[in-house]
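Now for the letters of each chain:
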Amino acid sequence: MKPNRKTSSHRMPALRLASSTLLPERGLRRIIDTVLRLAKSTVGEETEVHIDETTSALTRFANNAIHQNVAENGLTVSVRTVVDGRTARATTNRIDEDSLRATIEASLSLAHSQPEDPRLLPLPGKQRYRSVNRFVKQTAAVTPEDRARAIRRACDLAVKNGQVAAGMFSSGQSQSAMGSSRGLFAAYRETHAEFSITMQEHPAASWAKANSADVRAFDPQKLAARASEKAHLAVNASELSPGRYTVILEPAAVLDLVGFLFYDFAATALQDKRSCLNDRMGTQLFGKNITIIDDVYHPLQLGAPFDGEGIPRRSVLLVDRGVPKNLVYARSTAKAAHEKPTGHGFALPNEYGEAPMNLVFSGGDSSLEKMVASTARGLLVTRLWYIREVDPYEKVMTGMTRDGLFLVEGGRVTTAVRNFRFNQSILEMLRNVELLGPAVRATGEEAFEMVVPAMKVRDFHFSEVTKF
């Protein structure tokens, strides 16, 4: 078969996408340069390219045995064009020139159909970025056999203790890059590993989970042992009356509640009157022991040092000793507010503006053991689930405890307790924090990972007993 001259004259060199490793940075640059070259004749000076590539593997287990092992590698190229104050984006997962050209044309067609945006700014030019290194060779080298061995040990523990284990172990790599016709180029890569396990001892269950760029940062066997011990303690749970209790929230429980605060610190949310911080900035809203920053450079965080517009991320003090001090800004919201952009904007076009994605709560020096020892009567909460917002301005949330709720009496854990539904204002909760543990990288099921401490909180409101 003769080659198609139209598509072969500027064909990119072949790039391997079906491997377990990511493309080198020069490969990402080559794709971006190709898009910009193809767009130059039709778009002019306003073209932006995003590339995201992920290679990931996942091993699932249930009933004390592995039942699934999958791996995938995906690459997407997203092209945004700007024409006469209008912008749009189109995406492809193919990198041959015909597909890239078609994606540019799709973006242009969509842009022409959009209304003019008076707040749309010219694309930013070259930026300077602070270097972060979150690519860990040991994580990138994890094999299916490595995951299987860890799972086997966890399942062996379950069998030994007369329990049933289920969960997953994942590992992988990801990278992103962006470039523009105004000379901007940014690239970032990271590794990630996660282990989650639920141990069931009929009818009770408990759970543990960890996530990190470095697979050596957590021990699956220790997580399994923790879940196993709690599942055994949770057998024969007693029922308590609903009401207000002192609670000791483990980091996962803290995370899944305070995670609902992140968008309230977006300038767009305040401008749209959708934030619980409207008319509250600069006031004593939380307890004086609560300080929150957004810091992508914190050693326990993950994420790129640039935002969806290619602007360098800044560390921002959001709450200082209980007082909301600052917001985060995308470029357009910063201009409207006469502020400097903080590097927290989402890729355009979007309706959300910006948000802090790397929240770090200040911690304390009280371990969970110290919190328990200091409690005359209260509840130890492993985690929460099915959380929904009831009152957005007062930040009242409802949800349920799960996978280990225990009664604390006289400074020690005495028995397991049937689960509760709660109705609790996060604002009130953060005014009632009595003790803080060290801040750790926490992972749950309702919010993305953040750095938060365990908390001892007074007067936490449980509204009813659940049926499990």
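A few points on the structure. (Residues numbered from 1 in each chain as written. Predicted model: local features only at pLDDT ≥ 70, side-chain atom pairs only at ≥ 80, totals over all residues. Heavy atoms only, no water.)

For the protein chain, the count of helices and strands is eleven helices and 19 strands. Radius of gyration (C-alpha) of the protein chain: 25 Å, near the 23 Å computed for a compact globule of 468 residues. Viewed in the frame of its principal axes, the protein chain has a C-alpha envelope of about 80 × 55 × 35 Å. In the protein chain, buried positions account for 53% of the 468 residues. When the accessible surface of the protein chain is split by element, carbon and sulfur atoms take 50% of a total near 21,400 Å². Distance from the positive charge centre (60 side chains) to the negative charge centre (52 side chains) of the protein chain: 4 Å. (Helix = DSSP H or I, 4+ residues; strand = E, 2+ residues; numbered from the N terminus. Rg over C-alpha atoms; globule rule 2.2 N^0.38 Å. Buried < 20%, exposed > 50% of the residue type's maximum accessible area, 1.4 Å probe, protein only. Areas by Shrake-Rupley, 256 points an atom, 1.4 Å probe, with all protein chains shown as cover. Lys, Arg positive; Asp, Glu negative; His and termini not counted. Charge placed at Lys NZ, Arg CZ, Asp CG, Glu CD.)

Core analysis: the biggest nonpolar cluster contains 53 residues, and Leu-379, Leu-430 and Met-455 have the highest contact counts within it. Ile-151, Cys-155, Ala-158 and Phe-218 belong to the second largest nonpolar core, which has 22 residues in total. (Core = buried A, V, L, I, M, F, W, Y, C linked by side-chain atoms within 4.5 Å.)

This next bit is on the pattern of salt bridges. The full count for this structure, using the stated rule, is 28 salt bridges. With a shortest N-O distance of 3.5 Å, Glu-428 and Arg-244 are connected by a salt bridge. Of this pair, Glu-428 sits in helix H11 (residues 426-429) while Arg-244 sits in strand S7 (residues 243-249), and the two are 184 residues apart along the sequence. Judged by its relative accessible area of 47%, Arg-244 is partly exposed. Between Lys-456 and Glu-434 there is a salt bridge; the shortest N-O distance is 4.0 Å. Pair noted here: Lys-456 is in strand S19 (residues 455-465) and Glu-434 is in strand S16 (residues 433-436), with a separation of 22 residues, a long-range link. For Glu-434, a relative accessible area of 38% puts it in the partly exposed group. One network of salt bridges, in which partners are shared, links Arg-37, Glu-97, Asp-98 and Arg-101. (Salt bridge = Lys/Arg side-chain N within 4 Å of Asp/Glu carboxyl O.)

As a further point, take the packing of aromatic side chains. Geometrically, a pair of aromatic rings is defined through the distance of the ring centres and the angle of the planes. Under the criterion given, the structure shown has twelve aromatic pairs. Both rings, one in Phe-169 and one in Phe-195, keep their centres 5.5 Å apart while their planes meet at 90°; by these two values the pair is edge-to-face. Of this pair, Phe-169 sits in strand S4 (residues 164-180) while Phe-195 sits in strand S5 (residues 185-201), placing them 26 residues apart in sequence. Both residues of the pair, Phe-169 and Phe-195, count as buried. Relative to Phe-462, the ring of Phe-420 has its centre 4.9 Å away and its plane inclined at 25°; by these criteria the two rings are stacked. Highlighted residues: Phe-420 in strand S15 (residues 420-425) and Phe-462 in strand S19, separated in sequence by 42 residues. One exposure class covers both Phe-420 and Phe-462, and it is buried. Counting every residue linked through ring pairs, the aromatic cluster contains Tyr-245, Phe-420, Phe-422, Phe-460 and Phe-462. Over the ring of Phe-185 we find Arg-29; its NZ or CZ atom is 3.7 Å from the centre of that ring. (Phe/Tyr/Trp six-rings, centres within 6.5 Å; stacked < 30°, edge-to-face > 60°. Lys NZ or Arg CZ within 6 Å of the ring centre and 35° of its normal.)

What follows covers helix H3 (residues 97-112). Compared with the 22 Å implied by 1.5 Å per residue over 16 residues, the 23 Å span of H3 between its first and last C-alpha is a close match. Glu-97, Ser-99, Leu-100, Thr-103, Ile-104, Ser-107, Leu-108 and Ala-111 are the residues of H3 that are buried. Buried residues in H3 make contact with helix H2 (25-40), strand S2 (65-83) and strand S3 (86-92). (Expected span 1.5 Å × (residues − 1). Contact = heavy atoms within 4.5 Å.)

Pairing between S7 and strand S12 (residues 377-391): three bridges, direction parallel. Opposite Ile-248, over in S12, you have Leu-380 as the bridge partner. As defined by bridge partners, S12 adjoins strand S13 (residues 396-409) across eleven bridges and the pair is classed as antiparallel. The partner of Leu-380 across the bridge, within S13, is Phe-406. Linking S12 back to S13 in an antiparallel pair, the connection comprises four residues, with Lys-395 at a positive phi of about 55°. (Pairing = 2+ DSSP bridges.)

Our next topic: the packing of helix H5 (residues 144-160) against helix H6 (residues 220-233). Running from N to C, H5 and H6 point in directions that differ by 25°, and their axes come no closer than 9 Å. Accordingly, the angle class assigned to the pair H5 and H6 is roughly parallel. The way H5 lies across H6 gives a crossing that is right-handed. Touching Ala-150, Arg-153, Ala-154 and Leu-157 of H5 are Pro-220, Gln-221, Ala-224, Ala-225 and Ser-228, all from H6. Of the residues in the contact of H5 with H6, the class split is six nonpolar, two polar and one charged. (Axes fitted to C-alpha atoms, helices over the stretch in contact; angles between N-to-C directions. Parallel < 35°, antiparallel > 145°, perpendicular 65-115°, else oblique. Left-handed = near helix turned anticlockwise from the far one by under 90°. Nonpolar A, V, L, I, M, F, W, Y, C, P; charged D, E, K, R; others polar.)

Spatially, the six strands line up as an open sheet ordered S3-S2-S1-S4-S5-S6, and their pairing is antiparallel. Here the strands that pair on one side only, and so sit at the sheet edges, are S3 and strand S6 (204-212). The sheet shows a mean angle of 15° between the axes of neighbouring strands, direction not considered. The sheet contact formed by S5 and S6 spans nine bridges and is antiparallel. Pairing of Ile-197 across the sheet is with Ala-208, part of S6. Where H2 meets the sheet, its contacts fall on strand S1 (47-62), S2, S4 and S5, and the angle it forms with S1 comes to roughly 140°.

This next bit is on the layout of surface pockets. Counted as a void, the largest pocket has a volume near 1,100 Å³. Along its surface, the largest pocket is lined by 43 residues, and Leu-223, Arg-226, Glu-250, Pro-251 and Val-440 are the ones closest to its centre. Counting only elements with at least two residues in the lining of the largest pocket, the list comes to S6, H6, helix H7 (251-258), helix H10 (368-373), S12 and strand S17 (440-442). Looking at the lining of the largest pocket residue by residue, the classes come out as 23 nonpolar, nine polar and eleven charged. Each pocket or cavity is described by its volume, and for the second largest pocket that value is around 770 Å³. Secondary structure elements with two or more residues in the lining of the second largest pocket: S1, S2, S3, S4 and S5. A breakdown of the residues in the lining of the second largest pocket according to their chemical character gives twelve nonpolar, 14 polar and eight charged. (1 Å grid on protein atoms, 1.4 Å probe; cavity = no way out; pocket = protein on both sides within 12 Å on 5 of 7 lines; lining within 4 Å. Points joined across faces, edges and corners; volume = space filled by probe spheres on them.)

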